[in-house]
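Below are the chains, spelled out letter by letter.
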Amino acid sequence: MKFNNKTVIVTGAAGGIGLAIAKKFAAEGANLVLADINMDQLQTAGRQIASPNGVIPLLSQCDVSEEEQAVATVTNAMQHFGSLDVIINNAGLMIFKKLEEHTTEDWMRILSVDLMGAFYFIKGAFLHMKNGGAIINISSIHALETTPMVATYAAAKAALLSLTRSAAIEGKEKGIRVNAILPGAIDTPMLWQNPNIKAGLEQVSKDSVGKPEDIADVAAFLASDEAAFVQGAMAEVDGGRLNRL
Ligand code: NAP
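Quick look at the structure, then. (Residues numbered from 1 in each chain as written. Predicted model: local features only at pLDDT ≥ 70, side-chain atom pairs only at ≥ 80, totals over all residues. Heavy atoms only, no water.)

**Here we look at the packing of helix H1 (residues 16–27) against helix H8 (residues 212–223)**
What counts here: All axes here are fitted lines through C-alpha atoms, helices being fitted over the stretch that makes contact, and every angle between N-to-C directions spans 0 to 180 degrees. Counting from the N terminus, the helices are the DSSP runs of H or I reaching at least four residues and the strands are the DSSP runs of E reaching at least two. Between 65 and 115 degrees an angle is taken as roughly perpendicular, under 35 as roughly parallel, over 145 as roughly antiparallel, and anywhere else as oblique. Handedness of each helix crossing follows the sense of rotation of the near helix against the far helix: counterclockwise by less than a right angle gives left-handed, clockwise gives right-handed. The contact criterion used throughout is that any non-hydrogen atoms of two residues lie within 4.5 Å. Polar here means any residue other than Ala, Val, Leu, Ile, Met, Phe, Trp, Tyr, Cys and Pro, which are nonpolar, and Asp, Glu, Lys and Arg, which are charged; Gly is therefore polar.
Running from N to C, H1 and H8 cross one another at 50 degrees; their axes reach a closest spacing of 8 Å. Relative to H8, the element H1 is oriented oblique. Between H1 and H8 the crossing geometry is right-handed. Together, Gly16, Ile17, Ala20, Ile21, Lys24 and Phe25 of H1 and Pro212, Glu213, Ile215, Ala216, Asp217, Ala219, Ala220 and Ala223 of H8 make up the contact between the two elements. Classifying every residue of the contact of H1 with H8 by side-chain character gives 10 nonpolar, 1 polar and 3 charged.

Below, the structure written as structure tokens:
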């Protein structure tokens, strides 16, 4: 198993892509730390994780936008499992508003979760992770091309790519690899609750919708030794949606 005895933190792990990533790493033998803002959903998610080693996941209630909660999650992971090997920065949210209706609070909320949340965990990793560690940031194809009504989200996800680049450069000398995944439309509640899709402002054909497991498979590859030479990559996982004219 690829991640036997490796400690893996997954943020936003209570559902959707995060839960699929957690299940994938569990199946590969990882010691899992599931972090999410919602403890009830986290407990339900934790019961769905089957580890071949019988290792019970550590559940961490964590609002990733609060630095002290991110620090506590990293500290608890190290104390509980004795190491920190992989972080998947997956927690994210979006709001839908016309540009001129966005408030400063809207900007601060989205940037603090989708960008700063990843920064706090990268900082924790750089302070504690040993040579050989890996960080995966879940961005979005909205970092490259976008629609109306999601200015804050698109900007935060684009900035997350920039942060990935900087962290890959500074992580290299520490032996820490940092890469990003840009999911396209993935079949999770976040996709189907998207008012732009409901209103037809963003059109997604059925054959352009991937599964959370499609993202989990790429995350597991990027975190593995098979990707030892992959540093600062921005992997679009969208079924080819962005390539079409
Ligand atoms: P999801 O089903 O909404 O899952 C996101 C998880 O993150 C939820 O459990 C959510 O909890 C949690 N979360 C939200 N705010 C948080 C915070 N401040 N601290 C900790 N956890 C928090 O979304 P998803 O579709 O799986 O998306 C996962 C990631 O993929 C996100 O970063 C998203 O931007 C990205 N992505 C998704 C798609 C897609 O089509 N689904 C496409 C591109 C990128 P609550 O449910 O309680 O809010």
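**Brief notes about the pattern of salt bridges**
Opposite charge on two side chains makes pairing possible when the charged atoms of those side chains draw close. Cut-off, in case you're wondering: Salt bridges are counted wherever a side-chain nitrogen of Lys or Arg sits within 4 Å of a carboxyl oxygen of Asp or Glu. Classification of residues uses two cut-offs on accessible area relative to the type maximum, computed with a 1.4 Å probe and protein chains only: under 20% is buried, over 50% is exposed, and between them is partly exposed.
One pass over the full model with this rule turns up 6 salt bridges. Taking the shortest distance from any N to any O, the salt bridge between Lys97 and Asp106 comes out at 2.7 Å. Take Lys97: its relative accessible area is 27%, and that puts it in the partly exposed class. For Asp106, a relative accessible area of 12% translates into the label buried.

**Things to note about the environment of Glu28**
For the record, the criterion: We define a polar contact as two N or O atoms separated by no more than 3.5 Å, with the added condition that, inside protein, one atom must be a possible hydrogen donor and the other a possible acceptor, whereas residues neighbouring each other in sequence contribute only through side-chain atom pairs.
When you line up the elements, Glu28 lands in the loop between H1 and strand S2 (31–36). Each C-alpha atom of the pair Glu28 and Gly184 lies 25 Å from the other, and the pair is 156 residues apart in sequence. Among residues more than four places away in sequence, those in contact with Glu28 are Met1, Lys2, Phe3 and Asn4. Here Lys2 takes part through its backbone nitrogen, which lies 3.1 Å from a polar atom of the side chain of Glu28.

**Some details on the site of the ligand**
Worth spelling out the cut-off: Only a single heavy atom is needed: when it lies within 4 Å of a molecule or strand, its residue is near that molecule or strand. To be clear on the numbers: accessible area is Shrake-Rupley with a 1.4 Å probe, and residue cover counts the displayed protein chains and nothing else.
Residues in close proximity to the ligand total 29 residues, the closest being Ile17, Asp36, Asn90, Tyr153 and Thr188. Between the ligand and Val64, the relevant distance is 3.0 Å, taken from a nitrogen atom to a main-chain nitrogen or oxygen of the residue. Relative to its unbound accessible surface of 890 Å², the ligand loses 87% to contact with the protein. For the shell around the ligand, the secondary-structure elements that each account for two or more residues are H1, helix H5 (151–172), strand S7 (185–186) and helix H6 (189–192). Residue composition of the shell around the ligand, by class: 15 nonpolar, 11 polar and 3 charged.

**Considerations on helix H2 (residues 39–47)**
Which entries qualify depends on this criterion: Note that the arc is defined by the directions from the helix axis to the C-beta atoms.
Every buried residue belonging to H2 is among Leu42, Ala45 and Gly46, and all of these are buried. Looking down the long axis of H2, one finds its buried residues gathered within 100 degrees of arc, a one-sided arrangement. Facing away from the buried side of H2 by over 90 degrees, the exposed positions are Asp40 and Arg47.

**A short note on the nonpolar core**
We count it as follows: Throughout this description, the term nonpolar core refers to a set of buried Ala, Val, Leu, Ile, Met, Phe, Trp, Tyr and Cys residues connected via side-chain atoms within 4.5 Å.
Val8, Ile21, Phe25, Leu32, Ile88, Ile181 and Ile215 are the most contacted members of the largest nonpolar core, which has 32 residues in total. Mapped by element, the contributors of at least two residues to this core are strand S1 (7–11), H1, S2, H2, strand S4 (86–89), strand S5 (134–138) and H8. Broken down by element, the residue count for this core peaks at 7 residues, all from H1. For Val8, the residues in contact, after removing those within four places along its chain, are Phe25, Ala30, Asn31, Leu32, Val33, Val86 and Ile88. Of all hydrophobic cores here, the second largest spans 29 residues; its members include Phe81, Leu84, Ala125 and Ile135.

**Looking at the sheet that holds strand S9 (residues 234–237)**
What counts here: Strand pairing is defined by DSSP finding a minimum of two bridges between the two strands.
Taken together, the 7 strands give an open sheet; going across it, the order is S3-S2-S1-S4-S5-S6-S9, and neighbouring strands pair in parallel fashion. Across the chains shown, the open sheet's two edge strands, defined by having one partner strand only, are strand S3 (58–61) and S9. Adjacent strand axes in the sheet meet at a mean angle of 15 degrees, parallel and antiparallel pairs treated alike. When S1 meets S4, the two strands line up parallel, connected through 3 bridges.

**A short note on the packing of aromatic side chains**
Keep this limit in mind: Geometry of aromatic contacts follows a simple scheme: Phe, Tyr and Trp rings, the Trp one being its six-membered ring, pair when their centres are within 6.5 Å, and the pair is stacked under 30 degrees between planes, edge-to-face over 60, tilted otherwise.
Under the criterion given, the structure shown has 2 aromatic pairs. Ring geometry for Phe3 and Phe25: centres 4.6 Å apart, planes at 50 degrees, overall tilted. Residue Phe3 is located in the segment before S1, and its partner Phe25 is located in helix H1; the two are separated by 22 residues in the primary sequence. Take Phe3 and Phe25: they sit in the same class, and that class is buried. Between Phe119 and Tyr120, the aromatic rings sit 5.7 Å apart at their centres with planes inclined by 55 degrees, giving tilted as the arrangement. A residue is classified by how much of its surface remains accessible, and Phe119, at 30% relative accessible area, is partly exposed.

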